[in-house]
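Here are the chains, one letter per residue:
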Amino acid sequence: MYDFAYHKPATVADAVKLLADPDAKAISGGHTLLPALKHRLNKPSALVDLSGIAELKGIRKVGNAIVIGALTRHVEVATSAEVKAAIPALAYMADHIGDVQVRNRGTMGGSVSNNDPAADYPAAVLGLGATIHTSSRKIAADDFFLGMFTTALEPSEILTAIEFPIPEKAGYAKMKNPASRYVMAGVFVAKTAGGVRVAVNGAGPCVFRQADMEAALAANWSVDAVAGVKQAADDLNSDIHGSAEYRAHLVTVMAKRAVAAAG
Amino acid sequence: MNVVAPFEGIGASVRRKEDFRFLQGRGAYTDDFNRQGQLHAWIVRSPHAHARIRGVDTAAAAKMPGVVAVFTGADMAKDALGGLPCGWQIHNKDGSPMAEPPHPVMAAEKVRHVGDPVAVAIAATREQARDAAEAVIVDYEVLPAAATMEAALKPGAPVIHDGVANNLCYDWHIGDKAVLDQAFAGAAKVVSLDLVNNRLIPNAMEPRAALGEFDRTTGEYTLHTTSQNPHVIRLLMGANVLHIPESKLRVVAPDVGGGFGSKIYHYAEEAIVTWSAGKLARPVKWTADRTESFMSDAHGRDHVSKAELALDANGKILGLRVHTYANMGAYLSTFAPCVPTYLYATLLAGTYTTPVIYCEVKAVFTNTVPVDAYRGAGRPEATFLLERLMDVAAKETGIDRIELRRRNFIQPDQFPYQTPVALQYDSGNYQATLDQALAAADWAGFEARRAEAARQGKLRGIGCSTYLEACGIAPSAVVGSLGARAGLYEVGTIRVHPTGSVTVLTGAHSHGQGHETTFAQLVADKLGVPVSQVDIVHGDTAKVPFGMGTYGSRSLAVGGSAMMKAMDKIIAKGKRIAAHLMEASVDDIEFDRGTFRVAGTDKTKALVDISVAAYVPHNYPIDELEPGLEETAFYDPKNFTYPGGCHIAEVEIDPDTGKVSMVNFTAVDDVGRVINPMIVEGQVQGGIAQGIGQALLETCIYDADGQLLSGSMMDYTMPRADDLPPVGVATHTTLCTHNPLGVKGCGEVGAIGSPPAVINAVVDALRDYGVRTLDMPATPAKIWQIINGGRRQAAE
Amino acid sequence: MPQVTLTVNGQTHTAEVEGRTLLVELLREKLRLTGTHVGCDTSQCGACVVHINGESVKSCTTLAVMADGAQVTTIEGLAKPDGTLHPMQEAFREYHALQCGFCTPGMVMSAIDLVQKNPGGLTEQQIREGLEGNLCRCTGYHNIVKAIAAAAEVMHGRRSEIARAAE
């Protein structure tokens, strides 16, 4: 790693000030950032450790939504009685991110702000039509994920919490990359008050909604309904672990499994 | 007196002595050593697969914080150092020697693979050294690369080494081509198969590390290194590279975190830190990060072959013809040339009575990391080829695959059995291991399991391999005649201390094998000293007289035999002392597990009485016998050893994703006499994990420019706990006839026998899809492609 | 330079570190606790796993400064002062769950967290999945899985001592 200054602010306001430096970077669990820094892929002037900010922690039910603080670790989401009761698919997802040690450190805010195409959480955020709360505003999931490792967050803007509307039902299934165990193709399906939503992660350069599957499920919520919907391979990822065509095929398979899991 | 509890001797699953330190974080691995005034080295490595070095500018780097020195290949050249040597010379078909281009420690003129060392930055901390290494400016003229054997052999291919025509290292063969052609002419059936043996990256969990020191008072160098054979490193580095006499060079291989072959070789970094320590008169440490391991540890396998099998109408094999291309990488690693020749082609008879075999091997230079022995080394490649070919032959002759193997097995009464490819097997019983494995795996009940899986929408398959390996390497005169530049004996010293405890000095090296326990059991068994009072010393050239190290499943067969020989000398001397003490004739003294007895009497002396007398020679035959009780033996094996057996894999494929799940794995191995069943079982399980890894998960991929695409654990699939099944391991013993322990070796059988069993099972699961050739690894994407292609074909 | 104060195996240490210093570097190089190993640089092998405040964490993916104020337990802190091994250590030895020993410290630390988090017991499959963050190249995991199952019995009080492995 290149060396950097280290700050540990106690409030969101202080963190935002520190992040005004364009070369400063926020860190929470560090499980995405630190491996990149270790390979010297990034040279931040300072790391702003958000882990001392109490207001970013915690899970609470607000009306018909679950609001999860950005610093909430995957293990906390996975084991939260509230999440398990309201959105079991989200708890299931959290329980299957990375490995035990990643789940003990990694945070929801870190994962979502980073928007790794092979990360899990973006699929739940987009699939549930969640609202992202930041240090300055609220952003709808549909407007948040802009592209590979790119989100609507401004450089000094901090993701503070994510508000997940409680769906009628939801399910998630993924195929892991055999080596990295990141997502090779994953599908999150949800039947929500606002309609059926299907989000695909891993397969493309950024999480995206699968409109044909949404239409099929809206008409008939069943495994058979998505079984016949093919995902186009055109813009999907292709690498030594699988072609775009393979990933496209997996999207349908995972959609079927996600619907089955949702019940 | 202390009588040995029998359960500590040969055949007992004694729990390991070394575990106490490993389990409490008290192991001492190379990177755990830190010295006063120690500096850290970071190697500047080529980012290009093939490039000419126009210049190296170290000025900026040298001025960076904490930097003490920056050395380049040119600096090494100024000191007239040698290159990294190759330990085995192969001869071409025409009798000329192989091409053996220089292998500079640090490249001065040209780089030939991504990761090739160019310079070294040495600084107070590792991060400072890395900062400086990044500031070294290397002016490269990038050249076209030959990243694959196909690219390297093409007309007009880039010339990797001046003077090496067609990038061909050697063109070698074994066997009688004319006789083979006759056999094929008379065959009822010829079966042929193209095979790729996938390139692997060993990935021992401990990354390589080296710590060089120089003592200005004595002029002595010390190197701590992650090595499987410190004496060999001392010899190669001292004599060939740095020109330091053995008396001034100590090499220590302390606790080493796995090797699997990759830590046999003499690597550039060992020479760099030792030389730098001398130049700077300060300790210099280098520890690889995993990314460096991927691009600097020798890789394994990487063969492309065509195999043809001639059979008569009854399925009896008449002959085998094999053409193989073997990738050497950019330079010859220490033992690379022997792997695809004498460790490969000589194994092609397998467990079968094939009367004639012809094999031609072309070894090719490419712009990739050097390739050398990795667990099994040549023998997995031979076994994969043969056992895949047997399954294809079974299918194409309509003979059941088990039956075809039975018809061709060497029979138990045919030993010693001379194969047409140089080896003479001493013992084995391939029918017995097959029968035992078939029963343990419930082969007979498989079709019911397959039908049940089909009801669940899964494709289930079963496959076997009836393999053989040659190990316990090796008779020095034989390997010498085949091109080895070393002897392959082993050395053991037994030091019985005055009060009866024992120190064993062995030239074998343990990097996970449990020698500190198994070797102590030999002493317990033979001398009657409790395991707790036997200490095994290994891995230090200043302590152990000499040694050739651990690889090729040789530690017990060769190193253990040396210990047995040394113990025989201890007993012989002990008898003379006992005879004196008990006033009897030496010929009347019997010895059994710690007790010397005058035959037919109750007069006895314990070993400790003898050791006390030997070191306090007041009442001692001092005119005839030297005091002391310490003996050293060199043991040179009379033959290779020949473990063999049967592995059976059962897999289930999810046709939706193509994912292959290992549902069952059964191994019945004949490893000769078993000293510690627990450790043998562990060795076999570990080998099988690596074999399953090769078959289903692992592969090294370069792109056309020679960039390593599978260059980290993010892209190179290491087997995890949930990738592997519980593995049932059993043994069936026939004794090795030519070493004193009757042992054959167990370190490699798992990695040798398992890959074809797994792939045969996968092909069996896909039997409705007409699969004939399936290259490893059988990844989900690859299997899906087959299934999807098959469905498409069916639809068309 | 930032200063960190942390408790390691019951002992409080204060050290000056760089911002970029990893927890594992602090442990190995400053505190000379070399039982915790580094086997990869992509946070996958788990040789570096320690406990922070009772939970398993990859110390190669944690800055030393982030452990300020934390209770850290490493492999060196498991056995009792009188040398009695932790049941997990005992089980690893009994079931021959280690060979070269390099992955062992991290494997043991992960295994303890896994067992502690599952008081109701663990199936073989759960143990295998729970080891996703730890690589072993020697054993094939077979004996590691058996050792963890045996240790769980003792850690949860269902047995008083580690069951003997089958001979």
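Parameters at a glance
Residues numbered from 1 in each chain as written. Chains lettered and ligands numbered in written order. Predicted model: local features only at pLDDT ≥ 70, side-chain atom pairs only at ≥ 80, totals over all residues. Heavy atoms only, no water. Helix = DSSP H or I, 4+ residues; strand = E, 2+ residues; numbered from the N terminus. Rg over C-alpha atoms; globule rule 2.2 N^0.38 Å. Buried < 20%, exposed > 50% of the residue type's maximum accessible area, 1.4 Å probe, protein only. Contact = heavy atoms within 4.5 Å. Lys, Arg positive; Asp, Glu negative; His and termini not counted. Charge placed at Lys NZ, Arg CZ, Asp CG, Glu CD. Domains from an automatic or database assignment. Buried area = accessible area lost by both parts, 1.4 Å probe. Salt bridge = Lys/Arg side-chain N within 4 Å of Asp/Glu carboxyl O. Polar contact = N/O pair within 3.5 Å; in protein donor to acceptor, adjacent residues only side chain to side chain. Core = buried A, V, L, I, M, F, W, Y, C linked by side-chain atoms within 4.5 Å. Nonpolar A, V, L, I, M, F, W, Y, C, P; charged D, E, K, R; others polar.

**Student:** I'd like to hear about the overall build of chain C, residue by residue, with values.
**Tutor:** Counting its regular elements, chain C contains 5 helices and 5 strands. Computed over its C-alpha atoms, the radius of gyration of chain C comes to 16 Å, within 12% of the 15 Å expected for a compact globule of 167 residues. For the C-alpha atoms alone, the extent of chain C along its principal axes is close to 55 × 30 × 25 Å. Looking at chain C as a whole, 66% of its 167 residues qualify as buried. Taking all contacts inside chain C whose residues are at least 6 apart in sequence as the whole, residues at least 24 apart take part in 59%. In chain C, 14 positive and 18 negative side-chain charges are present, and the distance between their average locations comes to 4 Å.

**Student:** Give a detailed account of the domain arrangement of chain B, specifying residues and quantitative values.
**Tutor:** All names here are of chain B. The assigned domain composition of chain B is domain 1 (6-27 + 489-635), domain 2 (37-143 + 208-287) and domain 3 (303-397 + 409-473 + 639-795). The C-alpha centroid of domain 2 is placed 39 Å from the C-alpha centroid of domain 1. Opposite the 18 residues of domain 1 that make contact, domain 2 presents 18 residues. Together, the buried faces of domain 1 and domain 2 total about 1,400 Å²; carbon and sulfur atoms form 54% of this surface. Scanning the region where domain 1 abuts domain 2 turns up 2 salt bridges. In this structure, the salt-bridge partner of D255 is R21, at a minimum N-O distance of 2.7 Å.

**Student:** Give a detailed account of the side chain of E206 of chain B, specifying residues and quantitative values.
**Tutor:** Its location among the elements puts E206 of chain B in the loop between strand 8 (189-197) and strand 9 (209-215). Reaching out from E206 of chain B, the side chain makes a polar contact with the backbone nitrogen of G257 of chain B at a distance of 2.7 Å. Excluding residues within four positions of it along the chain, E206 of chain B makes contact with Y29, T30, T226, D255, V256, G257, K263 and R290 of chain B together with F102 of chain C.

**Student:** Requested: an account of the nonpolar core, with residues and values cited.
**Tutor:** In this structure, Y425, L696 and V762 of chain B together with F92 of chain C are the most contacted members of the largest nonpolar core, which totals 193 residues. Leaving out residues up to four positions away in the same chain, Y425 of chain B has contacts with A349, G350, I410, F415, P416, Y417, T419, Y430, L468 and Y642 of chain B.

**Student:** Describe the pattern of salt bridges, naming the residues involved and giving the relevant values.
**Tutor:** Enumeration according to the criterion identifies 76 salt bridges over all chains in this entry. In this structure, R73 of chain A and E55 of chain C form a salt bridge, with 2.6 Å as the shortest nitrogen-oxygen distance. Of the two residues, R73 of chain A is situated in the loop between strand 5 (65-69) and helix 3 (74-79) and E55 of chain C in strand 4 (residues 55-58); the pairing between them involves two chains. Within this structure, E387, D391, R401, R405, E447, D764 and R767 of chain B form a network of salt bridges that share partners.

**Student:** Summarise the interface of chain B and chain A; cite the residues concerned and give the values.
**Tutor:** Counting residues at the interface gives 25 residues for chain B, matched by 23 residues for chain A. Taking both partners together, chain B and chain A bury about 2,000 Å²; carbon and sulfur atoms supply 49% of that area. Between R40 of chain A and E127 of chain B there is a salt bridge, and its shortest N-O distance comes to 2.7 Å. There are 16 residue pairs in polar contact (both at pLDDT 80 or more) connecting chain B and chain A. Among the elements of the structure, helix 4 (126-135) and helix 20 (780-795) of chain B are those that each provide at least two residues to the side of chain B that touches chain A. The leading source of residues in the side of chain B that touches chain A is helix 20 of chain B, at 5 residues. Within the side of chain B that touches chain A, the residues separate by chemical class into 8 nonpolar, 5 polar and 12 charged.

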